[in-house]
Amino acid sequence: MNNIIEMVEIGRRFDRSWVLAHMNLTIKKGESVALFGANGSGKSTLLKILATLLSPTTGRFQIFGKNPEKEKSFIRRHLRLLGHDKQLYGSLTPLENLRLAARIRGLDYNDKIFESLLGQLQILPFKDQPIGELSEGTKKKLVLAKLLLGDPELILMDEPYPALDKSGREILGHLIHEWRHEGKTLIIASHDHEETIKHVDRVLTLQGGMISS
Amino acid sequence: MKSKVILIFLILFFAFAQYWGLVRAPADRMMGDVYRILFVHVPAAWNALLLLTVSFVGCLLYLLRRKEFWDRLAHSSMEIGLVLTGLVLPLGSLWAKPTWGVWWTWDPRLTTTMILFILYAGVLILRQLIDDPVRRAKISSAVGLLIYLNVPIVYLSVRWWRSLHQLQSSPSTMDPQMVLALRLNAFALLGLAVFFLVQRMRLLKREALIEEKESLPPPLPRGAQS
Amino acid sequence: MTLFFQQTVAILSKDFLMEYRDRSRLLSTLLFGLLLLLLFSFALSVDPALMRKMAPGLFWLTLFFASTLSLEHSFQKEREEGRWEGLLILGIDPRALFLGKLLGNLLFISLLQLFLLPLMAVLYDIQLSWTLGTVLVLGSLGLSTLGTFYSALTASLREGQFLLPLLLYPMLVPLLLASVKVTELVLARDLFGQQVAWLKLLIVFDIIFLLGSLLTAEFLIDR
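Residues numbered from 1 in each chain as written. Chains lettered and ligands numbered in written order. Predicted model: local features only at pLDDT ≥ 70, side-chain atom pairs only at ≥ 80, totals over all residues. Heavy atoms only, no water.

1. Some words on the interface of chain A and chain C
Turning to step 1, where the next piece is worked out: In this assembly, 25 residues from chain A lie in contact with 24 residues from chain C.
Turning to step 2, where the next piece is worked out: Taken over both partners, the interface formed by chain A and chain C buries close to 2,400 Å², and the fraction arising from carbon and sulfur atoms is 56%.
Turning to step 3, where the next piece is worked out: Three residues stand out in chain A for area buried against chain C, namely L53, Y89 and I104 of chain A, and they jointly supply 29% of the buried area on that side.
Turning to step 4, where the next piece is worked out: Our enumeration of links across chain A and chain C arrives at four salt bridges.
Turning to step 5, where the next piece is worked out: Residue E96 of chain A pairs with R21 of chain C through a salt bridge whose shortest N-O separation is 2.8 Å.
Turning to step 6, where the next piece is worked out: Counting across the chain A and chain C interface gives 13 residue pairs in polar contact (both at pLDDT 80 or more).
Turning to step 7, where the next piece is worked out: Elements with a contribution of two residues or more to the side of chain A that touches chain C: α2 (72-77), β5 (79-82) and α3 (94-105) of chain A.
Turning to step 8, where the next piece is worked out: Among the elements that line the side of chain A that touches chain C, the one with the most residues is α3 of chain A, at six residues.
Turning to step 9, where the next piece is worked out: Of the residues in the side of chain A that touches chain C, the class split is eleven nonpolar, five polar and nine charged. (Contact = heavy atoms within 4.5 Å. Buried area = accessible area lost by both parts, 1.4 Å probe. Salt bridge = Lys/Arg side-chain N within 4 Å of Asp/Glu carboxyl O. Polar contact = N/O pair within 3.5 Å; in protein donor to acceptor, adjacent residues only side chain to side chain. Helix = DSSP H or I, 4+ residues; strand = E, 2+ residues; numbered from the N terminus. Nonpolar A, V, L, I, M, F, W, Y, C, P; charged D, E, K, R; others polar.)

2. Some thoughts on unusual backbone geometry
All names here are of chain A.
Turning to step 1, where the next piece is worked out: Backbone geometry at T52 places phi at a positive 60°, although glycine is not the residue there.
Turning to step 2, where the next piece is worked out: Its identity as a non-glycine residue notwithstanding, Q87 has a phi of 60°, on the positive side.
Turning to step 3, where the next piece is worked out: When you line up the elements, Q87 lands in the loop between β5 and α3.
Turning to step 4, where the next piece is worked out: We classify Q87 as buried; its relative accessible area is 13%. (Buried < 20%, exposed > 50% of the residue type's maximum accessible area, 1.4 Å probe, protein only.)

3. Considering the nonpolar core
What tends to happen in soluble globular proteins is that the nonpolar side chains get buried as a cluster.
Turning to step 1, where the next piece is worked out: Counting residues in hydrophobic clusters, the biggest one holds 168 residues, and the most contacted among them are M7 and L50 of chain A together with Y150, L153 and I221 of chain C.
Turning to step 2, where the next piece is worked out: If near-sequence neighbours (up to four positions away) are discounted, I221 of chain C is found in contact with F75, W84, L88, P94, L97, F98 and A152 of chain C.
Turning to step 3, where the next piece is worked out: Core analysis: the next-biggest nonpolar cluster, separate from the first, contains 14 residues, L10, A48, L73 and V88 of chain B among them. (Core = buried A, V, L, I, M, F, W, Y, C linked by side-chain atoms within 4.5 Å.)

4. Description of the sheet that holds strand β8 (residues 202-207) of chain A
Residues and elements named next belong to chain A.
Turning to step 1, where the next piece is worked out: Strand order across the open sheet formed by six strands is β5-β6-β7-β3-β8-β9, with mixed pairing between neighbours. Only two strands of the sheet have a single partner each, and these edge strands are β5 and β9 (210-212). For this sheet, the mean angle separating the axes of adjacent strands, direction not counted, is 25°.
Turning to step 2, where the next piece is worked out: Taken together, the five bridges between strand β6 (residues 154-158) and strand β7 (residues 185-189) define a ladder with parallel strand orientation. Bridge assignment links L154 to a residue of β7, and that residue is T185. (Pairing = 2+ DSSP bridges. Axes fitted to C-alpha atoms, helices over the stretch in contact; angles between N-to-C directions.)

5. Remarks on the pairing of strand β1 (residues 3-14) of chain A
All names here are of chain A.
Turning to step 1, where the next piece is worked out: Two elements, β1 and strand β2 (residues 17-28), share eight bridges in a ladder whose sense is antiparallel. Each bridged residue has a counterpart across the sheet, and for F14 the counterpart in β2 is S17.
Turning to step 2, where the next piece is worked out: Counting the residues that bridge the hairpin from β1 to β2 gives two residues, and of these D15 lies at a positive phi of roughly 55°.
Turning to step 3, where the next piece is worked out: The pairing of β1 with strand β4 (residues 58-63) spans five bridges and is classified as antiparallel. Looking at the pairing, V8 lines up with R60 of β4.

6. Overview of the sheet that holds β4 of chain A
Residue and element names in this part refer to chain A.
Turning to step 1, where the next piece is worked out: In spatial order, the strands read β2-β1-β4; together these three strands make up an open sheet with antiparallel pairing. In the strand order of this sheet, the two ends are held by β2 and β4, each with one partner. The average angle at which neighbouring strand axes cross in this sheet is 15°, direction not considered.
Turning to step 2, where the next piece is worked out: Across the sheet, helix α1 (residues 43-50) is in contact with β1, β2 and β4; its angle to β1 comes to roughly 120°.

7. Some points on the side chain of T29 of chain C
Turning to step 1, where the next piece is worked out: Tracing the sequence through the fold places T29 of chain C in helix α2 (residues 24-44).
Turning to step 2, where the next piece is worked out: A polar contact is formed between the side chain of T29 of chain C and the backbone oxygen of R25 of chain C, at a distance of 2.7 Å.

8. Describing the packing of helix α2 (residues 38-65) of chain B against helix α6 (residues 176-214) of chain B
Residue and element names in this part refer to chain B.
Turning to step 1, where the next piece is worked out: At a minimum axis separation of 9 Å, α2 and α6 run at an interaxial angle of 45°. Classified by the interaxial angle, the pair formed by α2 and α6 is oblique. For α2 against α6, the interelement crossing comes out right-handed. In this structure, α2 uses L38, F39, V42, P43, A44, W46, N47, L50 and L51 to contact α6, whose residues at the interface are M178, A181, L182, N185, A186, L189, L190, A193 and L197.
Turning to step 2, where the next piece is worked out: Residue classes in the contact of α2 with α6 are distributed as 16 nonpolar, two polar and no charged. (Parallel < 35°, antiparallel > 145°, perpendicular 65-115°, else oblique. Left-handed = near helix turned anticlockwise from the far one by under 90°.)

9. As for the pattern of salt bridges
Two side chains that carry opposite charge are able to pair once their charged atoms sit near each other.
Turning to step 1, where the next piece is worked out: Taken as a whole and judged by the stated rule, the model has 34 salt bridges over all chains.
Turning to step 2, where the next piece is worked out: Between K127 of chain A and D128 of chain A there is a salt bridge, and its shortest N-O distance comes to 3.6 Å.
Turning to step 3, where the next piece is worked out: On the basis of relative accessibility, which here comes to 22%, the residue K127 of chain A falls in the partly exposed class.
Turning to step 4, where the next piece is worked out: In this structure, E184 of chain C engages K181 of chain C in a salt bridge whose closest nitrogen and oxygen atoms are separated by 3.9 Å. With E184 of chain C and K181 of chain C both in helix α8 (residues 173-187) and three residues apart, the pair spans about one turn of that helix.
Turning to step 5, where the next piece is worked out: Taking relative accessible area as the criterion, E184 of chain C reaches 32% and is therefore assigned partly exposed.
Turning to step 6, where the next piece is worked out: A cluster of three or more residues bridged by salt bridges with shared partners is formed by K14, D15, E19, K77, E78 and K101 of chain C.

10. Focus on a nonpolar patch on the surface
Turning to step 1, where the next piece is worked out: Taken together, the side chains of M114, F117, I118 and I125 of chain B together with L166 of chain C define a hydrophobic patch exposed on the protein surface, amounting to about 350 Å² of accessible area.
Turning to step 2, where the next piece is worked out: It is helix α4 (residues 108-128) of chain B that contributes the most residues to the nonpolar patch, four residues altogether.
Turning to step 3, where the next piece is worked out: Note that I118 of chain B resides in helix α4. (Patch = residues over 30% accessible without salt bridge, like charges linked within 9 Å, V, L, I, M, F, W, Y side chains within 5 Å. Areas by Shrake-Rupley, 256 points an atom, 1.4 Å probe, with all protein chains shown as cover.)

11. Looking at the environment of L117 of chain A
All names here are of chain A.
Turning to step 1, where the next piece is worked out: Tracing the backbone through its elements, the reader meets L117 in helix α4 (residues 111-120).
Turning to step 2, where the next piece is worked out: Look at L117 and you get buried, because its relative accessible area is 8%.
Turning to step 3, where the next piece is worked out: Spatially, the C-alpha atom of L117 lies 9.6 Å from that of L144, the residues being 27 residues apart in sequence.
Turning to step 4, where the next piece is worked out: The residues contacting L117, other than those within four sequence positions of it, are A145, L148 and L149.

12. What about the interface of chain B and chain C?
Turning to step 1, where the next piece is worked out: At the interface, 29 residues of chain B touch 32 residues of chain C.
Turning to step 2, where the next piece is worked out: At the junction of chain B and chain C, the tally comes to one salt bridge.
Turning to step 3, where the next piece is worked out: Two residues, D131 of chain B and R158 of chain C, come together in a salt bridge whose shortest N-O distance is 2.5 Å.
Turning to step 4, where the next piece is worked out: Applying the counting rule to chain B against chain C returns four residue pairs in polar contact (both at pLDDT 80 or more).
Turning to step 5, where the next piece is worked out: Elements represented by at least two residues in the side of chain B that touches chain C include exactly α4 and α5 (133-161) of chain B.
Turning to step 6, where the next piece is worked out: Ranked by the residues each element gives to the side of chain B that touches chain C, the list is headed by α5 of chain B, at 17 residues.

Given below as structure tokens:
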């Protein structure tokens, strides 16, 4: 199984408009791919379809060689999505948020592991404060910490840079470097071409829901 | 064209059945001519229940098979079943006023019918609020399933709560002409209901086709990779 | 402990913690319940004998109306900040999410009952007894099962919140009738065991809808 993603003629329609069309895409294991394109060009939709959160209107695709209609839970267990939404609970602390995510993922971690994760992202001092009281940059770092739970093979990132402060960007750059070293597959959708291009093997540009060369 | 012929035939048959009920069947010894409203009330009730059962089957098979056909069947039969249920209530009231002296009683069948009407109207409103056809089909099938499971429980609970309804007359105590008229009317209404069901399903299928056609994926631009 | 139960407990304890930290919802629901009890007696009668007779019905109606607020919130809070999708992408079993929410709602409704009962006893002058416990548990189980089901449903729609009572209340008719009847019979010290049939009906209702909604929860919760 060399190809981690195989998409054939994937299209997605919302009401009457096609946000994504004629998407033919193959991504090999260990590849790192940038997804560029203007707002509304279909980047987020493509990532959501890959994450099995949205079903395509046309076409078929496989992830890890599995059919997403039938083996949704397998696919979800092996990928991670860094989306627009932070998906955090404001009245819980960073530690509690991580604990919840780990328990749902079925990981049997103790607090030591969570604390070392928080330390890695330089937000350990905030571990017992409700998230609602923390700064955006800190929250975003916590979202990155959630990405590190478990051992995903495929990591999808939708606009990871905005809201990250300088140290956050450095940490993310470091993480991406490590992931690539470990042979994980990455897809990064971003407007920040300069920052992204440093980390990828190839660039796909979306225009009007299609890949333009 | 063909469907028009069928419709005319069905209307004629319905008129004939009504004629039988209004003229040929004898007046009731106790209730006089008032009882004749049963020739529309009872067939409407039977057919309403039948159609709602069909919609239950549609919901169940949709969830098992995921074919749009079953969702269209569930949707159409629910709509027609709801119209019939809506007919049953005022028709029953028209009969109840001269017979029992009241428009409404808290009788189990009456009350259950009223609750059914609200439940199924709720599902049809729900359908309006979901844009994505697949999600709409899944959700309304799940709800349709639960509602139908509730019908016997609602009926039983209201019956235990209190009861006053005319017990069903068994055919043996009725004049044979009355029985015949009732059966004719039941089949005439069934014919009309099935006709509308088929038409409604066709319409839904065409709507889906039109939407699909109007919104084909945009063509590939020249020079784009494929 | 299997993953399914681990997820269920995770959701339950998370919701418990959230409601505990932000107690305003629980407090306002309790006050709303108290207010309803008052309003009912203003609107209906000052005759103590009559109020005692109507107490069971008023109790269950109050419970229905007051719990609707928190039922609606139960899935609505997952819609903010993409939390719902966040749970799905972590690989949660939709039924575990459903069951966790159900247990949370059951807990919440039980608290509401514990608060309302003594108030009822004082305001409407009725005598409480331990046998009442059975019907309270069975009734609130059915209420939270269907309540959670329709909460998941209406929260997944863009503008569906107003539908919750419309869809939920007619489904609860048998539950209301049975619970009110049993409560009446218990308060009247029913010696002839009439309530057994009603209790059986409640049990059947609870089982059917618990199974039915667990089996179909996936269609509401997952995309």
